[in-house]
Amino acid sequence: MKDEMVRTSGLRREYGEVVAVKDINFSVPRGAVMALVGPNGAGKSTLLKMLSAVLEPTRGTAVVNGVDINENPRGVHSSVGFLPDFFGLYEELTVAQYLEYFARAYGVPPARREKVISGTLGDVDLADKAGARVQALSRGMRQRLAIGRTLLHEPPLLLLDEPASGLDPESRHDLQKLFTRMAQAGKTLIVSSHILTELEDYCTHVAILREGSLVACGSLSEVRSLIVKKRKVRLRAAGGTEAALAQLRASGLKDAYAEAGSVFFEFSGDDEHLTGILKRLLDGGVKVLHFGEEGGGIQDTYLASLEKKI
Ligand SMILES: Nc1ncnc2c1ncn2[C@@H]1O[C@H](COP(=O)(O)OP(=O)(O)OP(=O)(O)O)[C@@H](O)[C@H]1O
Ligand SMILES: [Mg+2]
């Protein structure tokens, strides 16, 4: 379908006896930022390598930006910017030389090269390091340079395998900002990670892998409501808890309770259901100061999926 960036069908990869990815069917809409999460050995890297057409499936296939990975791997390469889990950089080159080298290798036409390189340096916040040698870069800068390399041929899809691993909180934050900018520029991203909390501020979709199988996949809210059956909400209102409690109980949330100046309730619905509850409170004259979910982020969703083994 035109609005899908990726669709897999029965995608499978074996390494001898080990089935790393087991007959996976899923799709990623264009413009999505998908978090690909799962414990060590779940098959994340294997899946990303197949989607980048650098590793052949044992069975099944995937269509990436309209191109079949088995039929036309080279065609896939031009649609995909792939950051592998381990990568080397040419230490002796300067940052600008490094990007120049890969711009040539990726066939960026000479007339466009300078513009593409300066644009990329700006995108990954390395413009002031253009003349610095790669060996002198910090880990966060190296990671951004490697991501810059994946952007040179202006692919619509970025597949990033644990881009934040080994980075300190500040560098992680810089990466988050970079991903948000790329998503705003219309790119589709699939980002794998173990550290899930850092993805939830900007991802729109989640795929959870375990032992080669897809445990859950969909929009953040779909995956959450699939796994976390009960969502817990805390609210605070000007003038105390009484009015809010009465209103919630009248709406059928009999278990709502007050504690330490806040009101809590649990429910098992989707985002629309939640906004409906807020609207009724406001319509009922409750002066809501805070209304937010406790937990229920990707980290909790993910841990819940591991526990429930769905
Ligand atoms: N080249 C290989 N040869 C043999 N087995 C492999 C190879 N690559 C991966 N595997 C096996 O395939 C399974 C999935 O590995 P994969 O690297 O895709 O998982 P992952 O989710 O990326 O793990 P991690 O979080 O540790 O990076 C594991 O059991 C792993 O041992
Ligand atoms: Mg991996």
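Residues numbered from 1 in each chain as written. Chains lettered and ligands numbered in written order. Predicted model: local features only at pLDDT ≥ 70, side-chain atom pairs only at ≥ 80, totals over all residues. Heavy atoms only, no water.

## Comments concerning the site of ligand 1
In the neighbourhood of ligand 1, 13 residues make up the surrounding shell, with Asn 40, Gly 41, Lys 44, Ser 45 and Thr 46 lying closest. Here an oxygen atom of ligand 1 and a side-chain polar atom of Asn 40 are 2.9 Å apart. Contact with the protein chains removes 60% of the 630 Å² of surface that ligand 1 exposes when unbound. Element by element, the count of residues in the shell around ligand 1 is highest for helix α1 (residues 44-51), at three residues. (Near = heavy atom within 4 Å. Polar contact = N/O pair within 3.5 Å; in protein donor to acceptor, adjacent residues only side chain to side chain. Areas by Shrake-Rupley, 256 points an atom, 1.4 Å probe, with all protein chains shown as cover. Helix = DSSP H or I, 4+ residues; strand = E, 2+ residues; numbered from the N terminus.)

## Focus on the sheet that holds strand β7 (residues 80-83)
With mixed pairing, six strands are arranged side by side in an open sheet as β7-β8-β9-β4-β10-β11. Among the strands making up the open sheet, the edge pair consists of β7 and β11 (213-219). This sheet shows a mean twist of 10° between the axes of neighbouring strands, independent of strand direction. Judged from the four bridges that link them, β7 and strand β8 (residues 157-161) form a sheet pairing that is parallel. Note on β8: the bridge partner recorded for Gly 81 is Leu 158. In this fold helix α5 (residues 139-151) packs onto β7 and β8, with an angle of close to 160° to the strand it touches most, β7. Sheet strands in contact with helix α6 (residues 169-184) are β4 (33-37), β8 and β9 (188-193), and its direction is about 155° off that of β9. (Pairing = 2+ DSSP bridges. Axes fitted to C-alpha atoms, helices over the stretch in contact; angles between N-to-C directions. Contact = heavy atoms within 4.5 Å.)

## Some points on the domain arrangement of the protein chain
Domain annotation of the protein chain identifies domain 1 (4-219) and domain 2 (228-308). A C-alpha centroid distance of 37 Å is found between domain 1 and domain 2. (Domains from an automatic or database assignment.)

## A few points about the sheet that holds strand β15 (residues 288-294)
Each strand in a sheet pairs with another by means of backbone hydrogen bonds, the pair being arranged parallel or else antiparallel. What the four strands build is an open sheet, ordered β13-β14-β12-β15; its pairing is antiparallel. Each edge of the open sheet carries a strand with a single partner, namely β13 (257-259) and β15. Averaged over neighbouring strand pairs, the angle between their axes works out to 30° when direction is ignored. Inspection of the sheet shows strand β12 (residues 231-237) paired to β15 by six bridges, in the antiparallel sense. If you follow Lys 232 over to β15, its bridge partner there is Glu 294. Seen against the sheet, helix α8 (residues 242-250) touches β12, β13 and β14 (262-267) and runs at an angle of roughly 15° to β14.

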